[in-house]
Amino acid sequence: IPQLMLGRYRWQAFSLREVPGGRLLRSQPGPWSGFSVVLRPATPAPEVRVGADAQQLLSWAASPGSTYQVQVALDTTFVRLVSETRVTAPQAAITVQPGVTAYVRVRAIGQNGVASDFSAPVALRGAAPAAGARGASPSQDPGAPPGAR
């Protein structure tokens, strides 16, 4: 199949049957179907830097017209998912509780709804509490799952 240009396409199928004398009979065509050829957004590559109040700031290269799905889990297979959110800017702030290691991955979702692959998991480690500090910050939701807010 040749490389198709981006766009919408329609197709319809019918069958041919050879009859004596070498003639071809064509069946009634089937219903029309359609498909689109679209660009898939690039897979984000998040980078981490430490912000204020134990927040870790993630950022990645923007994919024009995309939103981003950010998942945080307590394991690299993302079975123990802690949070999942969609953001419109290529950045997110995540708080990891002291002594906890969480993992984050990101994927871009284009305007057409087509998603990239998820990024490789990035480990986020909660900073050890300062001497004399309590384990939880005052703004922590006591009903939140352990590990991330």
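Criteria and thresholds
Residues numbered from 1 in each chain as written. Predicted model: local features only at pLDDT ≥ 70, side-chain atom pairs only at ≥ 80, totals over all residues. Heavy atoms only, no water. Helix = DSSP H or I, 4+ residues; strand = E, 2+ residues; numbered from the N terminus. Contact = heavy atoms within 4.5 Å. Areas by Shrake-Rupley, 256 points an atom, 1.4 Å probe, with all protein chains shown as cover. Pairing = 2+ DSSP bridges. Buried < 20%, exposed > 50% of the residue type's maximum accessible area, 1.4 Å probe, protein only. Core = buried A, V, L, I, M, F, W, Y, C linked by side-chain atoms within 4.5 Å. Axes fitted to C-alpha atoms, helices over the stretch in contact; angles between N-to-C directions. Phe/Tyr/Trp six-rings, centres within 6.5 Å; stacked < 30°, edge-to-face > 60°. Lys NZ or Arg CZ within 6 Å of the ring centre and 35° of its normal.

J.: Please give an account of the overall build of the protein that cites residues and values.
T.: Within the protein, the regular secondary structure consists of zero helices and eleven strands. When the elements of the protein are put in sequence order from the N terminus, they spell out β-β-β-β-β-β-β-β-β-β-β. If you take every contact in the protein between residues at least 6 apart in sequence, the share linking residues at least 24 apart comes to 58%. Surface exposure of the protein reaches about 10,100 Å², of which carbon and sulfur atoms provide 55%.

J.: Please provide a residue-by-residue account of the pairing of strand β10 (residues 101-109), values included.
T.: Judged from the seven bridges that link them, strand β7 (residues 67-73) and β10 form a sheet pairing that is antiparallel. Across the sheet, residue Val72 finds its bridge partner in β10, namely Val104. Two strands pair when backbone bridges link them, and β10 and strand β11 (residues 122-125) are joined in this way by four bridges, in the antiparallel orientation. Paired with Tyr103 across the two strands is Ala123, which belongs to β11.

J.: Requested: an account of the side chain of Ser63, with residues and values cited.
T.: Among the structural elements, Ser63 can be located in the loop between β6 (55-59) and β7. A relative accessible area of 15% places Ser63 in the buried class.

J.: For the nonpolar core, give the residues involved together with the corresponding values.
T.: Membership of the largest hydrophobic core comes to 17 residues, with the highest contact counts inside it found for Leu58, Trp60, Tyr68, Val70, Ile94, Val104 and Leu124. The greatest single-element share of this core, amounting to four residues, is contributed by β10. Ignoring any residue separated from it by four or fewer positions in sequence, one finds Leu58 in contact with Pro46, Glu47, Val48, Pro90, Gln91, Ala92, Ile94, Val104 and Leu124.

J.: Requested: an account of the sheet that holds β10, with residues and values cited.
T.: Read from one edge to the other, the open sheet built from four strands follows the order β8-β7-β10-β11, with strand pairing classed as antiparallel. Single-partner strands in this sheet number two, and they are β8 (81-87) and β11. Strand after strand, the sheet turns through a mean of 25° between neighbouring axes, direction not considered.

J.: An account of the packing of aromatic side chains is requested, with residue identities and associated values reported.
T.: What the rule picks out here adds up to two aromatic pairs. Each ring, one from Tyr9 and one from Phe35, has its centre 5.4 Å from the other, and the planes form 15°; the classification is stacked. One end of the pair, Tyr9, is in strand β1 (residues 7-11); the other, Phe35, is in strand β4 (residues 33-37), and 26 residues separate them in sequence. Relative to Tyr68, the ring of Trp60 has its centre 5.4 Å away and its plane inclined at 70°; by these criteria the two rings are edge-to-face. Side by side, Trp60 and Tyr68 carry an identical accessibility label, which is buried. When the ring centre of Phe78 is taken as origin, the NZ or CZ atom of Arg105, which lies over that ring, is 4.1 Å away. One cation-aromatic arrangement involves Arg105 over Phe118; the distance from NZ or CZ to the ring centre is 4.0 Å.

Scope: geometric values only; no functional claims are made or implied.
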